[in-house]
Amino acid sequence: MKPTEKADMKYTNQRVEILAFLREHDGHPTVDEVYDGVRKKLTRISKATVYKNLKFLTEKGLLEEVNVKGVSRFEANFIPHHHLICRECGRMEDFNSEQLLDYSMKIAEEIEGFTIVSTSTNFYGVCKKCEKSKKSEESKESKESKESKESKESKESKESEET
């Protein structure tokens, strides 16, 4: 179903607000993030209601669910795109590439007995923030190791001088 088509379903207040939140939200929010966002307008909504409606809207084709590190994330972006996913923190961002999309669909045309209508590729790696944090941690560990080694050598030197 195209995102502009109306799904054959009842549009409840909860569903409308969930869809509105996801269409306005730039990222790939979790159930908790959707719940926190929707609760600002619907103060009495429960997390269970949000979860059930996210699953329902996904089944109806109005949302996409992407699982990252065992956590479901949702998006309403149906423009063909790919994802960059950080293996450290689970951060996810959209990646647009016409070349990759065209190449994937060209390969898909060659598959017999199955009609491909879209494609998505996930790239896994480490985001800049985690990379920076990792380097900072490695630098700190290296410095501590060097200081420990120097301290040990100094202590051994003093002990050999005493004997």
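Above this text is the structure in question.
Just so you know, the residues in each chain are numbered from 1, in the order the chain's sequence is written. Local features in a predicted model are, by the rule used here, given only for residues with pLDDT of at least 70; side-chain atom pairs are given and counted only at 80 or more, and totals for whole chains, interfaces and linings are based on all residues. Side-chain calculation: all heavy atoms of the structure are included, whereas hydrogens and water are not.

Novice: Help me understand the packing of helix H2 (residues 31–39) against helix H3 (residues 47–59), please; the structure alone is not making it clear to me.
Specialist: Each pair of packed helices can be summarised by the angle the axes make with each other and by the distance between the axes. Fitting a line to C-alpha atoms yields each axis, with helices limited to the stretch in contact; the angle taken between N-to-C directions then spans 0 to 180 degrees. Numbering of helices and strands starts at the N terminus; helices are DSSP runs of H or I of at least 4 residues and strands are runs of E of at least 2. Running from amino to carboxyl end, H2 crosses H3 at an angle of 115 degrees, the nearest separation of the two axes being 9 Å. Here the hand of the crossing between H2 and H3 comes out right-handed. In this structure, H2 uses Val-31, Asp-32, Val-34 and Tyr-35 to contact H3, whose residues at the interface are Lys-47, Val-50, Tyr-51 and Leu-54. Each residue belonging to the contact of H2 with H3 can be placed in one class, and the counts come to 6 nonpolar, no polar and 2 charged. Crossings are sorted by hand: turned counterclockwise from the far helix by less than a right angle, the near helix makes the crossing left-handed, and turned clockwise it makes it right-handed. The criterion used for residue contact is that any of the two residues' heavy atoms lie within 4.5 Å. Note that Gly is not counted as nonpolar here; it falls among the polar residues with everything else outside the nonpolar set of Ala, Val, Leu, Ile, Met, Phe, Trp, Tyr, Cys and Pro and the charged set of Asp, Glu, Lys and Arg.

Novice: Quick question: what am I supposed to make of the packing of aromatic side chains here?
Specialist: Pairing of aromatic rings covers Phe, Tyr and Trp, the last through its six-membered ring, and needs centres within 6.5 Å; plane angles under 30 degrees mean stacked, over 60 mean edge-to-face, and all others mean tilted. Within the structure shown, the criterion is met by 1 aromatic pair. With 5.7 Å between their ring centres and 85 degrees between their planes, Phe-95 and Phe-123 make a pair best called edge-to-face. On the criterion of sequence distance, the pair formed by Phe-95 in strand S4 (residues 92–95) and Phe-123 in strand S5 (residues 122–125) is long-range, its members being 28 residues apart. To sort residues, take the accessible area from a 1.4 Å probe on protein chains only and compare it with the maximum for the residue type: under 20% means buried, over 50% means exposed, and anything in between is partly exposed. Its relative accessible area of 32% is what places Phe-95 among the partly exposed residues.

Novice: Would you explain helix H1 (residues 13–24) in this entry?
Specialist: Count 3.6 residues to each turn of an α-helix, and residues three or four apart come out pointing the same way. The length a helix should cover is 1.5 Å for every residue beyond the first. The terminal C-alpha atoms of H1, which comprises 12 residues, lie 16 Å apart, in line with the 16 Å expected from a rise of 1.5 Å per residue. Looking at the buried residues of H1, the elements they touch are H2, H3 and strand S2 (71–75).

Novice: Explain the pattern of salt bridges here, please?
Specialist: For side chains of opposite charge, pairing can occur when their charged atoms come near one another. For this analysis, a salt bridge means a side-chain nitrogen from Lys or Arg found within 4 Å of a carboxyl oxygen belonging to Asp or Glu. Under the definition given, this model contains 5 salt bridges. Lys-41 is paired through a salt bridge with Glu-17; the nearest N and O atoms lie 3.8 Å apart. Here Lys-41 is found in the loop between H2 and H3, whereas its partner Glu-17 is found in helix H1, with 24 residues between them in sequence. Under the relative-accessibility criterion, Glu-17 is labelled buried at 19%.

Novice: Could you clarify how one ought to interpret the packing of H1 against H2 in this entry?
Specialist: Contact geometry for H1 and H2: axes closest at 10 Å, N-to-C directions at 110 degrees. In terms of orientation, H1 and H2 fall into the roughly perpendicular class. The residues of H2 that touch H1, namely those facing Glu-17, Ile-18, Phe-21 and Leu-22, are Glu-33, Val-34, Gly-37 and Val-38. By the definition adopted for this analysis, an angle is roughly parallel if under 35 degrees, roughly antiparallel if over 145, roughly perpendicular if from 65 to 115, and oblique otherwise.

Novice: I would appreciate a short explanation of the pairing of S2 in the present structure.
Specialist: For S2, a buried count of 4 out of 5 residues is recorded, marking the element as mostly surrounded by other parts of the structure. Any two strands with at least two DSSP bridges between them are considered paired. Hairpin geometry of strand S1 (residues 64–68) and S2 is characterised by an intervening segment of 2 residues between the two adjacent antiparallel strands and by a positive phi of about 55 degrees at Lys-69.

Novice: What exactly am I supposed to notice about unusual backbone geometry here?
Specialist: Working note: non-glycine residues mostly have negative phi, and peptide bonds are mostly trans. Non-glycine residue Lys-69 carries a positive phi angle of around 55 degrees. Structurally, Lys-69 can be placed in the loop between S1 and S2. The exposed category is assigned to Lys-69, whose relative accessible area is 53%.

Novice: Would you mind showing me how to read the nonpolar core here?
Specialist: The tendency in soluble globular proteins is for nonpolar side chains to be buried as a group. Counting 18 residues, the largest nonpolar core has Ile-18, Leu-22, Val-34, Val-50 and Leu-54 as its most contacted members. Of all the elements in the fold, those that place two or more residues in this core are H1, H2 and H3. In this structure, Ile-18 is in contact with Val-34, Val-38, Val-50, Asn-53, Leu-54 and Leu-57, ignoring residues within four places of it in sequence. Within this scheme, the nonpolar core is defined by two criteria: the residues are buried Ala, Val, Leu, Ile, Met, Phe, Trp, Tyr or Cys, and they are joined through side-chain atoms within 4.5 Å.

Novice: Honestly, the side chain of Ser-104 in this entry has me stumped. Any pointers?
Specialist: Within the element layout of this structure, Ser-104 appears in helix H4 (residues 98–109). Residue classification places Ser-104 among the buried residues on the basis of a relative accessible area of 16%. In this structure Ser-104 touches Thr-119 and Thr-121, once residues within four positions along its chain are discounted.

Novice: How should I be thinking about the layout of surface pockets in this particular structure?
Specialist: Using a probe with the size of a water molecule, rolled over the atoms, empty space left in the structure can be pinpointed. Here a cavity denotes grid points, spaced 1 Å and computed from the protein atoms alone, that fit a 1.4 Å probe unable to get out, and a pocket denotes an open set having protein on both sides within 12 Å along at least 5 of 7 lines; residues with an atom within 4 Å of a point are the lining. Grid points are joined across faces, edges and corners, and a volume is the space filled by probe spheres set on the points. If you add up the space inside the largest pocket, you get close to 390 Å³. The wall of the largest pocket is formed by 17 residues, among which Glu-64, Phe-78, Pro-80, Ser-118 and Thr-119 lie closest to the centre. Elements that contribute at least two residues to the lining of the largest pocket include exactly S1 and H4. In terms of residue class, the lining of the largest pocket is built from 8 nonpolar, 7 polar and 2 charged.

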